Amino acid sequence: MILPIVQEGDPILRQVARPVRKFNRALRKLMDDMLETMYDAPGVGLAAPQIGISRRIVVADVGEGQGPFFLVNPEITERSGSQEGYEGCLSVQGWVGEVERYQRVVVHAWDPYGREQWIRAEDFFARCMQHEVDHLNGILYKDRATRMVRQRDEDDERAAAEREG
Ligand code: NI
(Lines give C-alpha, C1' and ligand atoms only; values in the text may rest on other atoms or scores of the structure.)
Protein backbone atom coordinates (compact mmCIF):
# COMPACT_ATOMS: atom_id res chain seq x y z
CA MET A 1 0.00 0.00 0.00
CA ILE A 2 1.39 3.36 -1.00
CA LEU A 3 1.23 5.89 1.81
CA PRO A 4 1.06 9.70 1.54
CA ILE A 5 4.41 11.41 2.23
CA VAL A 6 4.38 14.22 4.78
CA GLN A 7 5.84 17.51 3.58
CA GLU A 8 8.03 20.05 5.35
CA GLY A 9 5.97 22.23 7.64
CA ASP A 10 4.28 19.28 9.31
CA PRO A 11 5.46 19.28 12.94
CA ILE A 12 5.90 15.49 12.95
CA LEU A 13 9.08 15.97 10.87
CA ARG A 14 10.54 17.98 13.76
CA GLN A 15 9.78 15.52 16.53
CA VAL A 16 12.20 13.00 18.01
CA ALA A 17 10.65 9.68 17.04
CA ARG A 18 10.03 7.04 19.71
CA PRO A 19 11.67 3.61 19.69
CA VAL A 20 9.81 0.53 18.48
CA ARG A 21 9.15 -2.00 21.25
CA LYS A 22 6.99 -4.63 19.54
CA PHE A 23 8.27 -6.66 16.62
CA ASN A 24 5.02 -7.94 15.22
CA ARG A 25 3.08 -8.42 12.04
CA ALA A 26 1.85 -4.81 12.08
CA LEU A 27 5.44 -3.58 12.08
CA ARG A 28 6.36 -5.80 9.15
CA LYS A 29 3.30 -4.67 7.18
CA LEU A 30 4.16 -1.03 7.88
CA MET A 31 7.75 -1.51 6.73
CA ASP A 32 6.61 -3.29 3.54
CA ASP A 33 4.28 -0.35 2.85
CA MET A 34 7.10 2.10 3.52
CA LEU A 35 9.34 0.29 1.04
CA GLU A 36 6.61 0.28 -1.60
CA THR A 37 6.01 3.99 -0.98
CA MET A 38 9.74 4.71 -1.27
CA TYR A 39 10.11 2.81 -4.55
CA ASP A 40 7.00 4.48 -5.95
CA ALA A 41 8.19 8.02 -5.11
CA PRO A 42 10.94 7.13 -6.20
CA GLY A 43 13.45 7.50 -3.40
CA VAL A 44 16.37 5.65 -1.85
CA GLY A 45 15.38 6.01 1.80
CA LEU A 46 12.28 6.70 3.85
CA ALA A 47 11.85 7.26 7.58
CA ALA A 48 8.57 6.63 9.42
CA PRO A 49 7.99 10.30 10.38
CA GLN A 50 7.77 10.98 6.63
CA ILE A 51 4.61 8.90 6.47
CA GLY A 52 3.25 10.50 9.63
CA ILE A 53 4.41 7.91 12.18
CA SER A 54 6.77 9.12 14.87
CA ARG A 55 8.67 5.87 15.35
CA ARG A 56 12.32 4.94 14.82
CA ILE A 57 11.90 3.01 11.57
CA VAL A 58 13.79 3.39 8.27
CA VAL A 59 13.75 1.60 4.94
CA ALA A 60 16.49 2.15 2.38
CA ASP A 61 17.72 0.88 -0.94
CA VAL A 62 20.44 2.80 -2.73
CA GLY A 63 20.69 0.24 -5.51
CA GLU A 64 24.18 -1.21 -5.71
CA GLY A 65 22.58 -4.64 -5.28
CA GLN A 66 22.76 -4.93 -1.50
CA GLY A 67 19.33 -3.69 -0.43
CA PRO A 68 16.66 -3.26 0.58
CA PHE A 69 17.41 -2.57 4.24
CA PHE A 70 14.79 -2.63 7.00
CA LEU A 71 16.06 -0.79 10.05
CA VAL A 72 14.32 -0.64 13.40
CA ASN A 73 15.73 1.63 16.11
CA PRO A 74 18.87 2.38 14.06
CA GLU A 75 21.81 4.08 15.69
CA ILE A 76 25.05 5.23 14.15
CA THR A 77 27.81 3.76 16.29
CA GLU A 78 30.91 4.61 14.25
CA ARG A 79 31.72 7.54 11.98
CA SER A 80 34.80 8.41 9.93
CA GLY A 81 36.01 10.52 7.04
CA SER A 82 33.97 13.13 5.25
CA GLN A 83 32.26 13.64 1.91
CA GLU A 84 30.56 16.54 0.14
CA GLY A 85 27.60 15.95 -2.11
CA TYR A 86 24.06 16.81 -3.02
CA GLU A 87 20.99 15.26 -1.51
CA GLY A 88 17.28 15.73 -1.72
CA CYS A 89 14.34 14.65 0.38
CA LEU A 90 10.89 13.33 -0.44
CA SER A 91 9.57 15.71 2.24
CA VAL A 92 11.32 18.78 0.82
CA GLN A 93 10.14 18.87 -2.78
CA GLY A 94 11.76 21.08 -5.39
CA TRP A 95 15.17 21.51 -3.78
CA VAL A 96 18.51 19.81 -3.48
CA GLY A 97 21.29 20.82 -1.13
CA GLU A 98 24.98 20.29 -0.67
CA VAL A 99 25.68 18.58 2.64
CA GLU A 100 28.89 17.44 4.28
CA ARG A 101 28.53 13.94 5.73
CA TYR A 102 30.76 11.25 7.18
CA GLN A 103 32.28 9.03 4.50
CA ARG A 104 31.74 5.82 6.44
CA VAL A 105 29.38 4.85 9.20
CA VAL A 106 28.41 1.72 11.08
CA VAL A 107 24.74 1.42 11.91
CA HIS A 108 23.37 -0.80 14.63
CA ALA A 109 19.69 -1.71 14.23
CA TRP A 110 17.15 -4.49 14.47
CA ASP A 111 15.30 -6.07 11.60
CA PRO A 112 11.47 -6.34 11.58
CA TYR A 113 11.74 -9.75 13.27
CA GLY A 114 13.78 -8.36 16.15
CA ARG A 115 17.12 -9.70 14.95
CA GLU A 116 20.12 -7.53 15.59
CA GLN A 117 22.05 -6.21 12.60
CA TRP A 118 25.21 -4.20 12.04
CA ILE A 119 25.54 -2.40 8.74
CA ARG A 120 28.76 -0.95 7.37
CA ALA A 121 28.00 1.84 4.92
CA GLU A 122 30.27 3.93 2.74
CA ASP A 123 29.93 6.73 0.21
CA PHE A 124 26.36 7.36 -0.92
CA PHE A 125 24.91 4.59 1.25
CA ALA A 126 26.57 6.19 4.28
CA ARG A 127 25.07 9.53 3.25
CA CYS A 128 21.64 7.93 3.04
CA MET A 129 21.99 6.35 6.51
CA GLN A 130 22.91 9.70 8.05
CA HIS A 131 20.04 11.47 6.28
CA GLU A 132 17.48 8.90 7.47
CA VAL A 133 18.70 8.72 11.07
CA ASP A 134 18.51 12.53 11.11
CA HIS A 135 14.80 12.23 10.22
CA LEU A 136 14.28 10.17 13.39
CA ASN A 137 15.74 13.04 15.39
CA GLY A 138 13.65 15.77 13.78
CA ILE A 139 16.49 16.99 11.58
CA LEU A 140 16.10 17.78 7.87
CA TYR A 141 19.10 17.83 5.52
CA LYS A 142 18.51 21.51 4.82
CA ASP A 143 19.46 22.20 8.45
CA ARG A 144 22.93 20.94 7.56
CA ALA A 145 23.18 22.12 3.95
CA THR A 146 25.90 24.59 3.05
CA ARG A 147 24.02 25.44 -0.14
CA MET A 148 20.45 24.91 -1.31
CA VAL A 149 19.64 24.82 -5.02
CA ARG A 150 16.31 24.84 -6.80
CA GLN A 151 15.71 21.58 -8.59
CA ARG A 152 14.94 22.68 -12.14
CA ASP A 153 14.29 19.71 -14.38
CA GLU A 154 15.37 16.22 -15.29
CA ASP A 155 18.17 17.46 -17.54
CA ASP A 156 19.73 19.51 -14.82
CA GLU A 157 23.37 18.64 -14.28
CA ARG A 158 22.72 18.19 -10.60
CA ALA A 159 19.88 15.75 -11.19
CA ALA A 160 22.44 13.01 -11.66
CA ALA A 161 23.95 13.68 -8.27
CA GLU A 162 20.67 14.15 -6.53
CA ARG A 163 18.93 11.37 -4.72
CA GLU A 164 15.81 11.63 -2.71
CA GLY A 165 15.48 10.32 0.79
NI1 NI B 1 14.57 12.83 3.65
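Placed above this text is the structure.
First things first, this report covers the structure right here in the doc.

The rules behind the values
Residues numbered from 1 in each chain as written. Predicted model: local features only at pLDDT ≥ 70, side-chain atom pairs only at ≥ 80, totals over all residues. Heavy atoms only, no water. Helix = DSSP H or I, 4+ residues; strand = E, 2+ residues; numbered from the N terminus. Rg over C-alpha atoms; globule rule 2.2 N^0.38 Å. Contact = heavy atoms within 4.5 Å. Areas by Shrake-Rupley, 256 points an atom, 1.4 Å probe, with all protein chains shown as cover. Lys, Arg positive; Asp, Glu negative; His and termini not counted. Charge placed at Lys NZ, Arg CZ, Asp CG, Glu CD. Salt bridge = Lys/Arg side-chain N within 4 Å of Asp/Glu carboxyl O. Buried < 20%, exposed > 50% of the residue type's maximum accessible area, 1.4 Å probe, protein only. Pairing = 2+ DSSP bridges. Axes fitted to C-alpha atoms, helices over the stretch in contact; angles between N-to-C directions.

A count of helices and strands for the protein chain gives three helices and eight strands. Beginning at the N terminus, the succession of helices and strands in the protein chain can be written as α-β-β-β-β-β-β-β-α-α-β. Its C-alpha atoms give the protein chain a radius of gyration of 15 Å, near enough to 15 Å, the size a compact globule of 165 residues would have. Once the C-alpha set of the protein chain is aligned to its principal axes, its extents read approximately 45 × 35 × 30 Å. A separation threshold of at least 6 residues defines the contact pool for the protein chain, and within that pool the share at least 24 residues apart is 68%. Roughly 8400 Å² of accessible area belongs to the protein chain as shown, and the carbon and sulfur atoms make up 47% of that amount. The average position of the 22 basic charges and that of the 28 acidic charges among the side chains of the protein chain differ by 7 Å.

Let's shift gears to the pattern of salt bridges. Should their charged atoms come close, side chains of opposite charge can pair. Counted under the stated rule, the structure contains nine salt bridges. Note that Arg101 and Glu87 form a salt bridge whose closest N and O atoms lie 2.8 Å from each other. Remark: Glu87 occurs in strand β4 (residues 83-89) and Arg101 occurs in strand β5 (residues 92-101); sequence separation between them is 14 residues. Exposure remark for Arg101: the relative accessible area of 5% places this residue in the buried category. Taking the relative accessible area as the measure of exposure, Glu87 reaches 3% and is therefore buried. Put simply, Arg144 and Asp134 hold a salt bridge, and the shortest N to O gap is 2.7 Å.

The strand order across the open sheet built from three strands is β4-β5-β8, with neighbouring strands paired in antiparallel fashion. Of all strands in the sheet, those bounded by a partner on one side alone are β4 and β8 (147-150). The sheet shows a mean angle of 25° between the axes of neighbouring strands, taken without regard to direction. On the sheet, helix α2 (residues 123-136) packs against β4 and β5 and is oriented at approximately 55° with respect to β4.

On to unusual backbone geometry. Between Ala41 and Pro42 the backbone carries a cis peptide bond, its omega angle lying at -10°. Tracing the sequence through the fold places Pro42 in the loop between α1 (25-40) and β1 (45-47). Of the consecutive residues Gly67 and Pro68, the connecting peptide bond is found in the cis state with omega at -5°. Here Pro68 lies in the loop between β2 (57-60) and β3 (69-80). Phi is positive for Asn73, close to 50°, though the residue is something other than glycine. Even without being a glycine, Asp123 presents a positive backbone phi close to 55°. Among the secondary structure elements, Asp123 is positioned in helix α2.

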